[in-house]
Amino acid sequence: MQTEDIQIRIEDDRTGLEIETLKRAILDNLFYIQGKFPEIATLNDYYMALAYTVRDRLIHRWLISSQTYTKVQPREVCYLSAEFLMGPHLGNNLINLGIYDRMRQAVQELGLNFEALLEQEEEPGLGNGGLGRLAACYLDSMATLDIPSVGYGIRYEFGIFDQDIHDGWQVEITDKWLKNGNPWEIARPEWAFEVKFGGRTERYTDEKGRSRVKWIPDRMVQGVPYDTPILGYETSSTNTLRLWSAQAVESFDFRAFNAGDYYGAVGNKVFSENLSKVLYPNDEQIQGKQLRLEQQYFFVSCSLQDMIRTHCDRRGLPISIFHEKFTVQLNDTHPAIAVAELMRLLLDEHGIEWDQAWHITQSTMAYTNHTLLPEALERWAVGLFGSLLPRHLEIIYEINGRFLNEVRLRYPKDDERIRRMSIIDESGDRYVRMANLATLGSYSINGVAELHTQLLKQDVLHDFAEMYPERFNNKTNGVTPRRFMVLSNPRLTKLITSKIGDHWIRNLQELRQLESFVEDLEFRSEWRQIKLAIKRDLANYIQEQNGIEVNVDSIFDIQAKRFHEYKRQHLNVLHIITLYNRLKANPNLDITPRTFIFGGKAAPGYQMAKLIIKLINSVADVVNSDPDVRDRIKVVFLKDYNVKFAQRVYPAADLSEQISTAGKEASGTGNMKFSMNGALTIGTLDGANIEIREEVGAENFFLFGLTASKVSQIKAKGYDPMQYYIANSELKAAIDRINSGFFSKGDTALFKPLVGSLMYQDPYLLFADYQSYIDVQTQVGEAYRDQDHWTRMSILNTARMGKFSSDRSIREYVKEVWKIDPLKICPPNEPCSIH
Ligand code: C3B
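Colleague: Sorry if this is basic, but what is going on with the domain arrangement of the protein here?
Modeller: Accessible area lost during the coming together of the parts is what is often quoted as the interface size. The domain architecture assigned to the protein consists of domain 1 (1–72 + 89–120), domain 2 (75–84 + 123–378 + 433–476) and domain 3 (516–804). Placing a centre on the C-alpha atoms of domain 1 and another on those of domain 3 gives a separation of 42 Å.

Structure below.
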């Protein structure tokens, strides 16, 4: 049948949006999909019935979208990412469908608790932190802006671990997010691909007399796609998140089975399925494990094969124009093997000559760098790489040889430069440098905030930026206001919309109109009441979770992000201890009450980050139970920080802690989410903080600390933390308190590794920034006392965050990198003549 002939005719219960229809649909799904009747249905059954009701409404739009793509054959962007930190789908889909309130009413009329059903969803935590969440925000914006796109990644059976706290220490628990089934995905086993590993290569002469290469692998795995619809806000565009799950290739089992080796056959199955079993929980720290490279190659190969099949088989287009129809965005170097894999597919499977293959590859790939931290720059030992991907190693050598010849021509006798630019690091043991491969194979290379891009060009990729300046550009990150304002902060959304209408949700710059309400006394009072109500909700949650009673009139001072030394949660702790020491010395001291709230996970193998978590909990134990400081400072560590939880935390903050060592945080995106929800920032001139401060105004931002260039200068001269320790009595007192065992029941050894690093070799310069941080925190405390003025600053923060919508970022990618035209999708059940 021709695609044009397909008529989507689905009965009204699957598409209708009236409350009565929604109620009927929920009960119908409970009956026919869950196989339950109300008397025996569990909360999860109702959640599933509700989710399927929403999914039905997405599927209609999804099929129209993919039919339109099939017909129009537009240029598409494929976003390749090892992580997609999507967060719960249900609420977000209801917002984007525009039926959130209606559905709540329908659910309530059925006598069910809507909030409890939303809570029931296990979030797909298929990412570590900022990088994975950015990918999710970008999918939302691409659909909202009607950009034909696919997100490609891995369907990890276990996502990021759940965090528990035992005796102040982090304990990791496997994340069984699929245990109750996943109503948002559809498996497509009929569209699986095979992926090869290991073995050797062989040269042969083809029928045209050309020398070709054949890869003879020693094992094979199958990738099965699982598709999730991604609906845009107030549009019918519904794109696809396609995640690959690894399965054993049947034919391989068969041979062993026939030979009587039943266990061998099953063993192969277990081995294959291991590939997509678990997400590596390391954030900005590589481990160089073989399985990780296998995962990367696995999803990249499936994705590229999928694109080529769409292009050649479904659309019947010649491979020579592949790059005109597809562009691939590489989310960091995790999918950088795509450069070599596309070359292999073009050379070996499609018989294209080297120069043309390289032209197609380089016109297809674009690379986003997300970090300058040396420990996060991916490199693979040549031995490991070659044993797993022998053909790719050959191709990389060839790319490298040709490239280095060009470098030699351009910069004669500059051997140092050759060594730096080579894809192969030969300074000691040999490694494949993935950043160099990604850079060389891409037509666009970008950083994620102005400062970061500047440092990228100055530092890590300096030689490449000098040779190919036109390929480098900046794309400052953004976040989706649908999830991080509308869904997570309904009260504020309602207030804003009552004043300026709801166009700001699609066009965040419109929040500027709020500036004209800053002098409106009643508006300010409503704004303050809302913040207070949200803080009360969080206070209740803290009471339930941690058994700590907090003062809702205190400053909610929040640091929520992954634990890493460069993010300096321990600098925050030094401030807490300093305040504590002041109160102990002078119990009548008049300070603005504060509640310090922390949330975040540490990589399981990152001992220092785990010790910082332990320190926070230890300080919390002492401070919270000391009657001398009662009601003035409280310390709370909220366990298991994830997307669901983040949505509850951002709206409740008065103060957002963005205190990384300048030059280390590529962008940050939590900083944007806090500020959009009316928190003020205390921050360094790092990543997107700089741009946030430019937008909200220096007078509405608490700046402290060294600049990135000062940091480098100090390091160049040789940083001497001891000198600060000796000269600063409050700093010394804080450090001595930790050292004395005061927070560790007399155990003076516990925090030695942490304190030792701060005192003798700290690459993150805590002591150098300490006094400046303390001083500015004092200003924060004073500023908070003038509630009216604080509220003005809070409103201005929200009003001026328009730039940080991920819609703006995606518009820039579309215009300056991808060069894709939006494609409007017809709404369902309406006459439409767009195509
Ligand atoms: C993060 C960076 O640390 C953040 O500054 C940045 O905002 C986000 O990426 C998104 O660009 N990042 C991460 O979460 N994981 C990495 N491996 C590298 C960077």
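Colleague: Would you mind showing me how to read the site of the ligand here?
Modeller: Neighbouring the ligand are 15 residues; Glu284, His370, Asn477, Glu665 and Gly668 lie closest to it. In the environment of the ligand, an oxygen atom lies 2.3 Å from a nitrogen or oxygen atom belonging to the side chain of Glu284. Side-chain polar atom of Asn477 to an oxygen atom of the ligand: 2.8 Å apart, as the coordinates give it. Against a free-state accessible area of 420 Å², the protein chains account for coverage of 94% of the ligand. Of the residues in the shell around the ligand, the class split is five nonpolar, seven polar and three charged. Shared between two domains, the shell around the ligand holds at least three residues of each, these being domain 2 (75–84 + 123–378 + 433–476) and domain 3 (516–804).

Colleague: What am I meant to see in helix H33 (residues 806–818) here?
Modeller: Over its 13 residues, H33 extends only 16 Å from the first C-alpha to the last, a length that falls short of the 18 Å expected when each residue adds 1.5 Å. Listed as buried for H33 are Ser806, Asp807, Arg808, Ser809, Ile810, Tyr813, Val814, Val817 and Trp818. Of the residues that open H33, the one with a side-chain oxygen 3.0 Å from the backbone nitrogen of Asp807 is Ser805. One or two steps after H33, the chain reaches Lys819, where phi turns positive at roughly 55°.

Colleague: Honestly, the packing of helix H20 (residues 490–500) against helix H21 (residues 521–546) in this entry has me stumped. Any pointers?
Modeller: In helix packing, the relevant descriptors are the interaxial angle and the interaxial distance, both defined with respect to the helix axes. Their axes nearest at 10 Å, the elements H20 and H21 cross at an angle of 165°. It follows that H20 is roughly antiparallel to H21 by the angle criterion. The handedness of the crossing between H20 and H21 comes out as right-handed. Two secondary-structure elements touch here, H20 through Arg491, Leu492, Leu495, Ile496 and Lys499 and H21 through Phe523, Glu526, Trp527, Ile530, Ala533, Ile534 and Asp537. Looking at the contact of H20 with H21 residue by residue, the classes come out as eight nonpolar, no polar and four charged.

Colleague: Looking at this model, I keep getting lost on the environment of Leu291. Mind explaining?
Modeller: Relative to the assigned elements, Leu291 resides in helix H9 (residues 290–314). For the pair Leu291 and Val77, spaced 214 residues apart in the sequence, the C-alpha separation amounts to 27 Å. Residues contacting Leu291, with those up to four places away along its chain left out, are Asn274, Leu275 and Tyr280.

Colleague: Would you explain the nonpolar core in this entry?
Modeller: Side chains of nonpolar character tend, in soluble globular proteins, to be buried together. Grouped together as the largest cluster of nonpolar side chains are 183 residues, with contacts concentrated most on Leu80, Phe298, Phe385, Ile399, Phe702 and Phe767. Domain assignment of the residues forming this core places at least three in each of domain 2 (75–84 + 123–378 + 433–476) and domain 3 (516–804). Ignoring any residue separated from it by four or fewer positions in sequence, one finds Phe298 in contact with Val195, Phe197, Val221, Gln222, Gly223, Trp244, Ser245, Ala246 and Leu275. Ile95, Trp527, Ile530 and Phe674 belong to the second-largest nonpolar core, a separate cluster that totals 86 residues.

Colleague: What am I meant to see in the packing of helix H1 (residues 19–32) against helix H4 (residues 100–109) here?
Modeller: It is at 9 Å that the axes of H1 and H4 come closest, and there the two elements cross at 60°. Here H1 is positioned oblique relative to H4, judged by the angle of their axes. Where H1 crosses over H4, the two elements pack in a sense that is right-handed. Contact residues: Ile19, Glu20, Leu22, Lys23 and Ile26 in H1; Arg102, Met103, Gln105, Ala106, Val107 and Glu109 in H4. Looking at the contact of H1 with H4 residue by residue, the class counts come to six nonpolar, one polar and four charged.

Colleague: Which parts of the structure should I look at to understand the sheet that holds strand S24 (residues 680–683)?
Modeller: Paired through backbone hydrogen bonds, the strands of a sheet run either parallel or antiparallel to each other. Strand order in the open sheet formed by six strands is S22-S21-S20-S23-S24-S25, with parallel pairing between adjacent strands. Looking along the sheet, the strands with just one partner apiece sit at the ends: strand S22 (633–638) and strand S25 (702–703). Against the sheet, helix H32 (residues 787–799) engages strand S23 (655–658), S24 and S25, with an angle of about 85° to S24.

Colleague: Help me out: how do you make sense of the environment of Asn92 in this one?
Modeller: Structurally, Asn92 can be placed in helix H3 (residues 90–97). Taking relative accessible area as the criterion, Asn92 reaches 10% and is therefore assigned buried. As for Asn92 and Ile230, which are separated by 138 residues in sequence, their C-alpha atoms are 9.9 Å apart. If sequence neighbours within four positions are ignored, Asn92 has contacts with Asp140, Arg482, Arg483 and Leu487.

Colleague: Quick question: what am I supposed to make of the pairing of strand S9 (residues 200–205) here?
Modeller: Consecutive side chains of a regular strand alternate in pointing toward one face of the sheet and then the other. Both S9 and strand S10 (residues 211–216) contribute to a ladder of six bridges, which runs antiparallel. Across the sheet, residue Thr205 finds its bridge partner in S10, namely Ser211. Counting the residues between successive antiparallel strands, the hairpin from S9 to S10 contains five residues, one of them, Gly209, with a positive phi of roughly 80°.

Colleague: Help me understand unusual backbone geometry, please; the structure alone is not making it clear to me.
Modeller: Across the chain, the bulk of peptide bonds are trans and the bulk of non-glycine residues have phi less than zero. In this structure, Glu284 is a non-glycine residue whose phi angle is positive, near 55°. By secondary structure assignment, the location of Glu284 is in the loop between helix H8 (262–273) and H9. The residue Lys819 is not glycine, and still its phi comes out positive at about 55°. Turning to its location among the elements, Lys819 is positioned in the segment after H33.

Rules used in this analysis
- Residues numbered from 1 in each chain as written.
- Predicted model: local features only at pLDDT ≥ 70, side-chain atom pairs only at ≥ 80, totals over all residues.
- Heavy atoms only, no water.
- Domains from an automatic or database assignment.
- Near = heavy atom within 4 Å.
- Polar contact = N/O pair within 3.5 Å; in protein donor to acceptor, adjacent residues only side chain to side chain.
- Areas by Shrake-Rupley, 256 points an atom, 1.4 Å probe, with all protein chains shown as cover.
- Nonpolar A, V, L, I, M, F, W, Y, C, P; charged D, E, K, R; others polar.
- Helix = DSSP H or I, 4+ residues; strand = E, 2+ residues; numbered from the N terminus.
- Expected span 1.5 Å × (residues − 1).
- Buried < 20%, exposed > 50% of the residue type's maximum accessible area, 1.4 Å probe, protein only.
- Axes fitted to C-alpha atoms, helices over the stretch in contact; angles between N-to-C directions.
- Parallel < 35°, antiparallel > 145°, perpendicular 65-115°, else oblique.
- Left-handed = near helix turned anticlockwise from the far one by under 90°.
- Contact = heavy atoms within 4.5 Å.
- Core = buried A, V, L, I, M, F, W, Y, C linked by side-chain atoms within 4.5 Å.
- Pairing = 2+ DSSP bridges.

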